[in-house]
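Residues per chain, in single letters:
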Amino acid sequence: MEHILKHTMPGNPRNSEGAFVKLADGTLYFAYSRYNGDSGHDHASADIAAVTSKDNGATWSEPVIVFKNRAMNLMSVSLLRLNDDRIAMVYLEKSAIPGWDNFVDCRPKIVFSSDECVSWSAPVEIANVPPAYFVVNNDRLIQLRSGRLILPAAHHQYSNNSLGSGIIKFFISDDNGETWYINQHYIYPVPQLPRAGLMEPGVIELPDGSLMCFIRTAAGCQYKSFSYDNGESWTIPVPAVEFISPEAPMSMKRDPQTGRLYAIWNDYNAFRSVRIADKRWARTPLVMAESSDNGITWENHRILEDAPDHGYCYIAMYFNDDLLHLGYCCGGEPDCSGTLQETKLRTIRLQEI
């Protein structure tokens with residue numbers, strides 16, 4: 001089952017990445033960035049919109065605006081039902097920095113709903129720091145078994161009128177998102193990494209309570225790091241050679257029914273006759289694999305998308321009984337930004353693929 005959130009020029013040049021949550025009545029709720037001007041640039045004007053499905057992803061409603069942009073841009077939504085049964089939404093808010101030409105403040109905010117996404121609280125500041133550029137991907141907020149909330153971010157400091165190398169930091173909350181702090185021991189780029197450093201991290205909790213962070217790089221593969229103290233400190237990042245990839249993010253989640261991990265990324269090992277590496281972004285094919293030993297080994301690699309003239313990235317994953325709901329960018333425009341201009345909502349029955 002597939003549904004595409006198409007961009008419709010003029011007035012809606014891009015529909016971009018988002019996240020899922022299931023409401024109390026079984027309705028699926030998907031929130032995402034809906035651009036509302038003439039540009040689909042990452043910093044262009046965008047609101048947060050939502051669509052719903054009452055038939056497990058077979059059909060979806062028309063979009064409704066959830067939050068109107070107050071400054072420059074709202075994007076990169078995460079949704080999570082907390083252990084107190086509220087629903088949390090995290091998003092990035094971008095705004096201009098007065099007196100800083102061409103510099104943008106980009107920081108995560110969190111809001112809460114106690115009535116199944118009908119209404120939302122006032123935004124809570126997660127990054128209570130001076131102007132900064134934090135990259136937090138969509139569908140990244142997690143709650144540990146202990147109740148702690150972890151939000152991974154790449155902090156890119158401005159240097160010489162451009163964004164500097166990414167350092168991985170973690171926003172942590174022990175009171176269900178009411179207050180936050182940044183861990184004191186960051187993940188720093190290692191010397192062999194290209195200038196962009198570490199980018200777009202994600203985190204998953206392992207059965208022994210340790211945490212694995214997977215990280216986008218421009219080094220030809222994902223990198224990984226581990227924490228053994230609930231996210232306070234992390235090991236030196238090393239190449240995750242099991243995830244050969246272009247400069248693109250990966251997503252990973254655990255199926256709550258089977259306990260298996262599922263990873264989705266642009267797998268260079270799946271290249272066939274087309275020289276995908278000649279493409280500007282090379283974000284195809286899109287591949288899924290699974291692990292029964294908590295990420296030590298990966299098996300059952302399956303190509304989900306492989307059109308050579310499209311790009312697939314920024315994947316949201318939501319397990320619902322024997323179904324896996326996916327939301328990801330799937331554009332095919334000729335320019336670089338075009339791979340982000342449309343979003344596909346797709347439902348997979350795991351035992352059938």
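Quick note: structure is the one above.
Read on for an overview of the structure. In this convention, every chain numbers its residues from 1, walking through the sequence in written order. Per-residue local features of the predicted model are confined to residues with pLDDT of at least 70, and side-chain atom pairs are confined, for both listing and counting, to 80 or more; whole-chain, interface and lining totals are unaffected and use all residues. Remark: hydrogens and water are excluded; side-chain values derive from all non-hydrogen atoms of the structure.

## Let's talk about the pattern of salt bridges
Any carboxyl oxygen of Asp or Glu within 4 Å of a side-chain nitrogen of Lys or Arg constitutes a salt bridge here. Under the criterion given, the structure shown has 28 salt bridges. Where lysine 109 meets glutamate 93, a salt bridge forms, and the shortest distance between an N and an O atom there is 2.9 Å. On the criterion of sequence distance, the pair formed by lysine 109 in strand S8 (residues 104-113) and glutamate 93 in strand S7 (residues 87-96) is long-range, its members being 16 residues apart. Note that glutamate 299 and arginine 260 form a salt bridge whose closest N and O atoms lie 2.5 Å from each other. Taken as a pair, glutamate 299 in strand S22 (residues 299-305) and arginine 260 in the loop between strand S19 (251-254) and strand S20 (261-266) lie far apart in primary sequence, 39 residues in all. The helix count covers DSSP runs of H or I at least four residues long, the strand count covers runs of E at least two residues long, and both are numbered beginning at the N terminus.

## A short note on the side chain of glutamate 290
Relative to the helices and strands, glutamate 290 resides in strand S21 (residues 286-291). The rule is simple: take the accessible area with a 1.4 Å probe, protein chains only, and divide by the maximum for that residue type; under 20% is buried, over 50% is exposed, in between is partly exposed. Taking the relative accessible area as the measure of exposure, glutamate 290 reaches 6% and is therefore buried. At 2.6 Å, the side chain of glutamate 290 forms a polar contact with the side chain of arginine 260. It only takes one pair of heavy atoms within 4.5 Å for two residues to be counted as in contact. Residue contacts for glutamate 290: discarding those within four places in its chain leaves Arg260, Leu261, Tyr262, Thr297, Trp298, Glu299, Asn300 and Arg302. Polar contacts here mean pairs of N or O atoms no more than 3.5 Å apart (in protein, one a potential hydrogen donor and the other a potential acceptor; neighbouring residues in sequence count only if both atoms are side-chain atoms).

## Concerning the sheet that holds S21
What the four strands build is an open sheet, ordered S19-S20-S21-S22; its pairing is antiparallel. Of all the strands in the sheet, just S19 and S22 have a single pairing partner and so form its edges. Taking each pair of neighbouring strands and ignoring which way they run, the sheet shows an average axis angle of 20°. Summarising the sheet, S19 and S20 pair through four bridges and their orientation is antiparallel. Residue pairing in the sheet places serine 251 in a bridge with isoleucine 264 of S20. A strand pair is defined by DSSP finding two or more bridges across the two strands. Axis definition: a line fitted to C-alpha atoms, limited for helices to the stretch in contact. Angles are taken between N-to-C directions and run from 0 to 180 degrees.

## Quick word on unusual backbone geometry
With an omega dihedral of 0°, the bond running from threonine 284 to proline 285 counts as a cis peptide bond. For proline 285, the location among the structural elements is in the loop between S20 and S21. Its identity as a non-glycine residue notwithstanding, serine 76 has a phi of 60°, on the positive side. Within the secondary structure, serine 76 sits in strand S6 (residues 73-81). The buried category is assigned to serine 76, whose relative accessible area is 6%. Even without being a glycine, glutamate 200 presents a positive backbone phi close to 45°. Inspection of the secondary structure puts glutamate 200 in strand S15 (residues 199-205). With a relative accessible area of 8%, glutamate 200 lands in the buried category.

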